[in-house]
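The primary structure of each chain is shown beneath.
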Amino acid sequence: MAKHAPPLLLMLLLHIVSSTFQPALVLEMAKILMDNYCFPENLIGMQEAIQQAISSGEILQISDKKTLAAVLTTGVQGALNDPRLTVSYEPNFVPAVPPRLPSLPKEQLTRLVRNSVKLDILENDVGYLRIDRIIGKETMTKLGSRLRDNIWDRAAETSSLILYLRYSTAGELSGVPILISYFSDPKNLIHIETVYDRPSNTTRELWTMPSIRGRRFGRKKDVIILSSRRTMGAAEAVAYILKHLKRAIIVGEISAGGSVRIQKIRIAQTEFYITVPVARSISPITGQSWEVHGVSPTVDVNAKEAVAQAKSLLGIRRAIPKVMQSISDIIGRFYAFTDRVPSLQQHLQSTDLFSVVSKEDLVYRLNEELQPVSEDPRLIIKYNQDDTAIVEEGPELYDVPDHMELLNELVDTLFKVEILPNNTGYLRFDKFVKSSTLAQLEGLMAKKVWEPLRDTDSLIIDLRFNTGGSFTSLSLILSYLQDTSQKHHFFTIYDRIQNVSTEYFTLPQITGPTYGSTRGVYVLTSYHTAGAGEEFAYLIQSLHRGTVIGEITSGNLMHSKTFPIEGTDVIITVPFINFLDNDGECWLGGGVVPDAIVLAEEAVEHVHEIIDFHQGLRSLIEGTAELFENYYAVHEVALKVGKKLLSQSEEGMYRSVVDFESLASQLTADLQETTGDHRLHVFHCSVEPETFHDVPKIPTAEEAGYMIDALFRIELLPGHVGYLRFDLMADIEVVKAIGPQLTKLVWSKIVHTNALIIDMRYNTGGYSTAIPLLCTYFFDANPLQHLYTVFDRSTNTMTEVMTLPQVTGQRYPPSKDVYILTSHMTGSAAEVFTQAMKDLKRATIIGESTIGGSLSSGTYQIEDSVLYASIPNQVVLSAITGKMWSISGVEPHITVQASDALSAAQRIIAARLLRRDQGK
């Protein structure tokens with residue numbers, strides 16, 4: 001950078017013609033800043049401040065020189081936003097010239113370095129290196145062998161290092177690369193800092209060094225730097241670099257925020273001095289600097305507590321490899337998803353735990369790393385801070401007595417059976433017992449449970465107080481709820497410890513009468529429902545055997561073991577069993593969401609409402625199928641869908657619906673999935689929806705002008721290209737009424753263009769009656785063109801739509817290109833117009849696939865209910881292929897984002913017109 005003042009500032013200073021002392025002082029101060037301040041690009045900001053100070057005359061009134069120095073300090077700091085800039089009045093100031101260390105006698109230099117750099121070895125072979133002054137390159141060279149033998153080689157032998165910089169307030173920047181190199185790899189040199197020196201106008205890059213005296217500490221062992229508010233200068237550079245290289249953890253307080261080099265410079269021959277930062281540092285790692293702001297610690301503690309904190313932290317970090325290995329071993333031995341084990345173990349090996357500074361932090365980081373890989377919320381690592389005992393359920397919890405009298409008492413205790421109003425059975429049990437003990441209980445269960453319930457119309461199973469038990473009894477209870485003449489697969493259990501998969505089916509023989517598979521089953525849950533109780537509720541849903549009502553279940557981690565990591569407070573919970581449902585999907589727990597979410601205490605009341613609703617469910621589904629078969633435009637599809645709905649009803653697929661809203665949603669999803677037609681909708685409406693048979697209002701002459709302005713937008717684009725946008729398809733009678741004005745105000749202005757762009761990106765449809773007229777303008781009068789065919793299911797008629805023999809005004813010459821822009825919003829009649837123009841090769845379609853709308857849909861009531869079905873009753877067939885396209889929509893010739901369609905069309909038109917001109 002050139003040493004000259006910014007022109008505006010020089011002009012300002014040259015115009016100061018006062019002979020008073022203060023302006024001259026300001027002038028000299030400004031010259032010093034111009035030549036020495038390390039941010040010369042910021043000096044432009046001084047102009048206004050200096051001019052204001054001189055012109056206001058404020059400083060001329062200050063006679064006290066210390067006060068003047070304070071005022072000037074405030075001014076220069078405010079102008080440059082740099083607190084390091086200070087002006088002082090020091091009449092007796094004697095500049096201290098510190099001796100250059102390398103010039104000292106070797107014995108004195110050795111004594112000084114010995115007092116500045118000390119190494120102790122603490123317990124656990126932890127190195128404790130205190131550096132109170134960063135030694136420069138020359139001094140290190142002169143005392144290289146002594147430092148190597150007493151410091152670096154001894155430090156390299158330690159297991160970890162505490163680098164004590166709390167009182168490091170001085171030093172030389174040339175020593176920073178050497179010190180950083182002891183903690184880096186000699187093969188990969190690193191650019192660690194860039195220093196700009198203003199007086200010499202030079203920039204110097206600091207890099208790690210390929211060779212140093214003494215052994216390196218290396219990159220793998222832990223380094224903790226202790227900092228305080230006194231840590232300053234080169235020591236801050238060391239701390240900042242090692243922190244952002246992820247090579248050291250900073251413990252203590254934020255550092256002083258010093259500078260690379262500060263100079264106190266006398267202002268001319270006065271007794272005023274200005275302190276100026278003459279060099280600046282920038283980190284190539286972060287793009288920022290440690291100057292002024294200081295180095296923030298990783299762990300913020302009082303400086304006096306930093307040593308104890310560092311020792312504790314090193315203890316934690318020493319345990320990390322053991323913790324990682326133990327976790328890897330436990331996952332390898334016990335985790336149920338064996339296919340995920342290698343990737344989990346590999347991920348653990350590659351996990352960067354540099355920033356871990358506490359046990360809580362370690363646990364958080366490990367979970368953060370493992371969860372995305374495992375995608376299993378059951379696999380979790382915790383910090384057992386309170387030394388909570390790890391409780392595992394024992395098999396004795398589910399044992400049953402052998403004595404018949406005691407068995408009777410147990411059955412009476414376990415099961416509560418009632419017959420509620422409307423012949424509804426009620427069964428409550430709060431625990432699942434082991435299947436090995438059920439043989440002793442089943443006879444009593446058959447007599448006391450299933451016999452009383454056998455003739456009920458529906459069954460409530462109350463699991464609101466069921467806290468779990470043994471999953472092995474699930475298949476027995478589920479067998480009573482199925483038709484045992486057929487074999488049903490309920491679930492599969494994979495046990496990682498035993499490395500065995502066990503499939504559970506309906507039991508071939510049961511003692512009591514089965515409840516069967518047709519009557520309604522309603523399971524009540526609460527947030528207390530846990531373990532096997534949750535599995536039962538989940539299976540009721542996945543098997544489509546019943547309806548779950550109540551609260552979301554507890555979400556306990558299922559089939560897991562918790563292992564303590566020896567010597568630490570860390571524990572890992574590993575799922576060793578996988579629970580796969582009848583579809584082979586692994587259920588990871590997390591709670592069962594009921595089909596009807598209500599408060600547990602209100603579940604019984606709600607279940608009766610749902611039972612009443614389900615009694616009419618079959619009729620509603622049959623009514624939907626009948627409407628669909630009668631009115632859907634594609635009859636063969638309608639017949640298929642009707643059968644599908646009835647089949648799904650028989651399979652229990654609608655047991656999860658609990659009211660009209662959920663039934664409407666389920667029917668809509670099933671109809672759309674089966675047909676691929678998103679136009680189908682079933683909706684709930686408490687009042688009969690209006691049927692729109694609106695006759696379009698014919699506008700007056702005055703209204704026609706307003707309508708044209710509102711509906712149509714035209715432009716002439718470069719190259720004499722016409723642009724026409726309209727966002728609504730009007731009825732033919734309306735078009736005829738406004739025809740003369742439309743021709744004059746719109747069509748006449750674009751009919752003579754070289755090419756035409758029709759923008760349908762925002763046209764969601766409207767009336768189809770005007771489509772033949774609109775298309776006719778783009779074809780010759782003879783022969784008439786077959787545009788498309790409409791099949792109307794409600795009347796079973798097929799109508800061919802043709803162009804018209806006559807139109808008002810000029811036609812757009814067939815020799816000129818037409819481009820239609822589309823988007824995913826383009827629908828209904830706008831799609832029919834677009835597809836007709838595409839089929840007849842009269843337009844190039846550019847943009848997105850259209851929505852796939854319908855020309856006409858009918859709204860029909862389902863039975864006498866509050867449900868209605870919107871069913872497309874017309875289908876559009878291509879004039880060329882005879883095939884239906886209206887469900888899938890119009891596919892453009894050139895697919896681009898809708899927002900880019902206009903510019904794409906303009907580029908294509910420009911290229912085609914250029915080729916035509918060149919062809920002439």
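Just so it is clear, the structure is predicted and the values come from calculations on it, not from any experiment. As a convention, each chain's residues are numbered from 1 in the sequence order in which they are written. Where totals are concerned, whole chains, interfaces and linings use all residues; where local detail is concerned, this predicted model gives features only for residues with pLDDT of at least 70, and gives and counts side-chain atom pairs only at 80 or more. Side-chain numbers here rest on the full set of heavy atoms in the structure, without hydrogens or water.

K.L.:
What is the right way to read the overall build of the chain from this model?
P.N.:
We count a stretch as a helix when DSSP gives it H or I for four or more residues in a row; a strand needs E for two or more, and each element gets its number in order from the N terminus. Per the secondary structure count, the chain includes 25 helices and 38 strands. Note that accessible areas follow from Shrake-Rupley with a 1.4 Å probe, and for residues the cover is restricted to the protein chains shown. Of the roughly 43,500 Å² that the chain leaves accessible, carbon and sulfur atoms contribute 52%.

K.L.:
What am I meant to see in helix α20 (residues 660-675) here?
P.N.:
It helps to recall that an α-helix has 3.6 residues per turn; residues three or four apart then point in one direction. In this model, α20 (16 residues) spans 22 Å end to end at C-alpha, consistent with the 22 Å of a helix rising 1.5 Å per residue. Note on classification: 1.4 Å probe, protein chains only; a residue is buried when its accessible area is under 20% of the maximum for its type, exposed when over 50%, partly exposed between these limits. Buried within α20 we find L663, A664, L667, T668, D670, L671 and T675. We call two residues contacting when some pair of their heavy atoms lies within 4.5 Å. On its buried face, α20 sits against α17 (603-615), α18 (617-631), α19 (635-650), β27 (681-684) and β36 (867-872). Sitting at the amino-terminal end of α20 is D659, which places a side-chain oxygen 3.4 Å from the backbone nitrogen of E661. A positive backbone phi angle near 75° is found at G676, which sits one or two residues after α20. To estimate how far a helix should extend, the number of its residues minus one is multiplied by 1.5 Å. Nitrogen and oxygen atoms within 3.5 Å of one another constitute a polar contact, given that in protein one can donate a hydrogen and the other can accept it, and given that sequence-neighbouring residues count only through two side-chain atoms.

K.L.:
Quick question: what am I supposed to make of the sheet that holds strand β2 (residues 117-122) here?
P.N.:
Backbone-to-backbone hydrogen bonds join strands into a sheet, with any given pair of strands oriented parallel or antiparallel. Reading across the sheet, the six strands line up as β2-β3-β5-β9-β10-β13 and stay open at both edges, with mixed pairing between neighbours. Two strands close off the open sheet at either side, each with one partner strand: β2 and β13 (299-300). Bridge count for strand β3 (residues 126-131) against strand β5 (residues 160-164) is five bridges, and the pairing is parallel. Residue pairing for β5: Y128 is matched across the bridge by I162. Any two strands with at least two DSSP-identified bridges between them are counted as paired.

K.L.:
Please clarify how the nonpolar core should be interpreted in this entry.
P.N.:
One broad trend across soluble globular proteins is that nonpolar side chains are buried collectively. Residues enter a nonpolar core if they are buried and are Ala, Val, Leu, Ile, Met, Phe, Trp, Tyr or Cys, with the set joined through side-chain atoms within 4.5 Å. Counting 47 residues, the largest nonpolar core has W450, I461, L481, F491, V523 and F536 as the members making the most contacts within it. Per element, the largest residue contribution to this core is seven residues, and it comes from helix α14 (residues 435-453). Discounting residues that sit within four places of it in the chain, F491 has contacts with F471, L474, S475, T502, E503, Y504, L539, F579, L580 and D581. Among the nonpolar cores identified, the runner-up in size contains 46 residues, and F779, Y788, I820 and A829 belong to it.

K.L.:
What am I meant to see in the sheet that holds strand β15 (residues 415-420) here?
P.N.:
The strand order β15-β16-β17-β20-β21-β26 describes an open sheet built from six strands, whose pairing is mixed. Every other strand in the sheet has two partners, leaving β15 and β26 (596-597) as the edge strands with one partner each. With five bridges connecting them, strand β16 (residues 424-429) and strand β17 (residues 458-462) associate as parallel partners. Bridge pairing in β17 places T424 opposite S458. Helix-sheet contacts for α17 involve β15, β16, β17, β20 (520-525), β21 (547-550) and β26, and the interaxial angle to β20 is about 155°. Axis definition: a line fit to C-alpha positions, over the contact stretch in the case of helices; interaxial angles, taken between N-to-C directions, run 0 to 180 degrees.

K.L.:
What is the right way to look at the packing of helix α21 (residues 701-711) against helix α22 (residues 732-750) in this model?
P.N.:
Helix packing for two helices is described by the angle between their axes and how far apart those axes are. Remark: α21 packs on α22, axes separated minimally by 9 Å, with the N-to-C direction vectors making an angle of 65°. Of the two elements, α21 crosses α22, and the hand of that crossing is right-handed. Of the residues in α22, those touching α21 at A701, A704, G705, M707 and I708 are V734, I738, Q741, L742, L745 and V746. Take the far helix as the reference: if the near one is turned anticlockwise from it by less than a right angle, the crossing is left-handed, and if turned clockwise, right-handed.

K.L.:
Help me understand the packing of aromatic side chains in this model?
P.N.:
The geometry of an aromatic ring pair is captured by two quantities: the separation of the ring centres and the angle between the planes. Side-chain rings of Phe, Tyr and Trp (the six-membered ring for Trp) are treated as a pair once their centres are within 6.5 Å; stacked means planes under 30 degrees apart, edge-to-face means over 60, and tilted covers the remaining angles. Applying the stated criterion to the full structure yields 28 aromatic pairs. Aromatic side chains W152 and Y182 sit 4.0 Å apart centroid to centroid with 20° between the ring planes, which places their arrangement in the stacked category. Remark: Y182 occurs in the loop between α8 (176-181) and β7 (191-197) and W152 occurs in helix α7 (residues 144-156); sequence separation between them is 30 residues. In this structure W152 comes out as buried when scored by relative accessible area, which is 6%. Note on Y182: relative accessible area 3%, which makes it buried. Residues W450 and Y480 carry aromatic rings whose centres are separated by 4.5 Å and whose planes lie at 5° to one another, so their mutual orientation is stacked. Highlighted residues: W450 in helix α14 and Y480 in helix α15 (residues 474-480), separated in sequence by 30 residues. Given a relative accessible area of 1%, Y480 falls into the buried group. Ring pairs connect the aromatic residues F471, F491, Y504, Y538, F579 and W587, which therefore count as one cluster. By definition here, charges over rings are those cases where NZ of Lys or CZ of Arg is within 6 Å of the ring centre and within 35 degrees of the ring normal. Over the face of the ring belonging to F337 we find R340, whose NZ or CZ atom lies 3.8 Å from the ring centre. One residue, R519, lies across the ring of Y515, its end atom 3.8 Å from the ring centre.

K.L.:
Would you explain a nonpolar patch on the surface in this entry?
P.N.:
Residues I552, V593 and I597 make up a contiguous nonpolar surface patch of roughly 270 Å² in combined accessible area. Mapped onto the secondary structure, V593 falls in the loop between β25 (586-587) and β26. Judged by its relative accessible area of 46%, V593 is partly exposed. Without a salt bridge and with relative accessible area above 30%, a residue can belong to a patch; like charges are then joined within 9 Å and nonpolar side chains (Val, Leu, Ile, Met, Phe, Trp, Tyr) within 5 Å. For this analysis, a salt bridge means a side-chain nitrogen from Lys or Arg found within 4 Å of a carboxyl oxygen belonging to Asp or Glu.

K.L.:
I keep staring at helix α11 (residues 341-350) and nothing clicks. Help me out?
P.N.:
Those residues of α11 that sit buried are V341, L344 and L348. One side of α11 holds all its buried residues, which, seen down the axis, span an arc of 65°. For α11, the exposed residues lying more than 90 degrees away from the buried face are Q346, Q349 and S350. Arc, as used here, means the arc of the directions from the helix axis to the C-beta atoms.

K.L.:
Just checking my understanding: could you explain the pairing of β5 for this structure?
P.N.:
The side chains of a regular strand alternate, residue by residue, between the two faces of the sheet. With respect to burial, β5 is a largely interior element, five of its five residues being buried. Burial along β5 is two-sided: S160, I162 and Y164 and L161 and L163, pointing in opposite directions, are all buried.

K.L.:
Could you clarify how one ought to interpret the environment of D817 in this entry?
P.N.:
Within the secondary structure, D817 is located in strand β33 (residues 817-822). Counting along the chain gives 25 residues from D817 to R842, while the straight-line C-alpha distance between them is 7.6 Å. Non-local contacts of D817, meaning those with residues more than four positions away in its chain, are made with N754, A755, L756, Y812, R842, R912 and R916. Within the structure, the side chain of D817 is placed 3.3 Å from the side chain of Y819, a separation counted as a polar contact.

K.L.:
Help me understand the packing of helix α10 (residues 306-334) against helix α12 (residues 359-374), please; the structure alone is not making it clear to me.
P.N.:
Their axes nearest at 12 Å, the elements α10 and α12 cross at an angle of 35°. Judged by the twist between their axes, the crossing of α10 over α12 is right-handed. Residues I316, I320, V323, M324, I327 and I331 of α10 lie in contact with α12, whose contacting residues are K359, L362, L366 and L370. Residues were grouped as follows: Ala, Val, Leu, Ile, Met, Phe, Trp, Tyr, Cys and Pro as nonpolar; Asp, Glu, Lys and Arg as charged; and all remaining residues, including Gly, as polar. When the residues that make up the contact of α10 with α12 are grouped by side-chain class, the tally is nine nonpolar, no polar and one charged.

K.L.:
So what exactly am I meant to see when it comes to a negative patch on the surface here?
P.N.:
Judged by side-chain charge, E601, E602, E605, E609 and D612 come together as a negatively charged surface patch. Within the element layout of this structure, E609 appears in helix α17. Among the residues examined, E609 registers a relative accessible area of 46% and is labelled partly exposed. By the counting scheme adopted, Arg and Lys are positive, Glu and Asp are negative, and His together with the chain ends is not counted. The atoms used to mark charge sites are NZ of Lys, CZ of Arg, CG of Asp and CD of Glu.

K.L.:
Just to check I follow, could you spell out the environment of R725 for this structure?
P.N.:
Its place among the elements puts R725 in strand β29 (residues 721-726). Along the backbone, R725 and R713 are 12 residues apart, and their C-alpha atoms lie at a distance of 5.1 Å. With near-sequence residues (within four places) excluded, R725 lies in contact with L711, F712, R713, D759 and Y762. Looking at R725, its side chain comes within polar contact range of the side chain of D727, at 2.9 Å.

K.L.:
I keep staring at the side chain of S181 and nothing clicks. Help me out?
P.N.:
By the secondary structure assignment, S181 is in helix α8. At 2.8 Å, the side chain of S181 and the backbone nitrogen of M209 are in polar contact. Not counting residues within four places of it along the chain, the set of residues in contact with S181 comprises T208, M209, I212 and R216.

K.L.:
Any chance you could explain the confidence of the model for the chain here in plain terms?
P.N.:
Keep in mind that low pLDDT regions are not for reading the predicted coordinates in detail. Every residue gets a pLDDT, meaning the predictor's confidence in that residue, from 0 to 100. Within the chain, residue pLDDT values average 86, and 90% of them lie at 70 or more. Confidence drops under pLDDT 50 across residues 1-19; counting only partners more than four residues distant or on other chains, this segment forms 30 contacts. Contacts of residues 393-398 to residues separated by more than four positions or lying in other chains number 10 contacts, the stretch itself having pLDDT below 50.

K.L.:
How should the pattern of salt bridges be read in this particular structure?
P.N.:
Once the charged atoms of two side chains with opposite charge are near each other, the side chains can pair. In the structure shown here, the tally under the stated rule is 27 salt bridges. Note that E90 and K264 form a salt bridge whose closest N and O atoms lie 2.8 Å from each other. Placement of E90 in the loop between β1 (86-89) and α5 (106-116) and of K264 in strand β11 (residues 261-266) is noted, with a sequence separation of 174 residues between them. In the salt-bridge network here, residues are joined through shared partners; they are D82, R84 and E291.

K.L.:
How should unusual backbone geometry be read in this particular structure?
P.N.:
Most peptide bonds are trans, and most residues other than glycine sit at a negative phi. Cis rather than trans, the peptide bond between N782 and P783 has omega equal to -5°. Within the secondary structure, P783 is located in the loop between α23 (771-776) and β31 (786-792). The backbone of N796 sits at a positive phi, close to 55°, despite the residue not being glycine. Here N796 lies in the loop between β31 and β32 (797-802).

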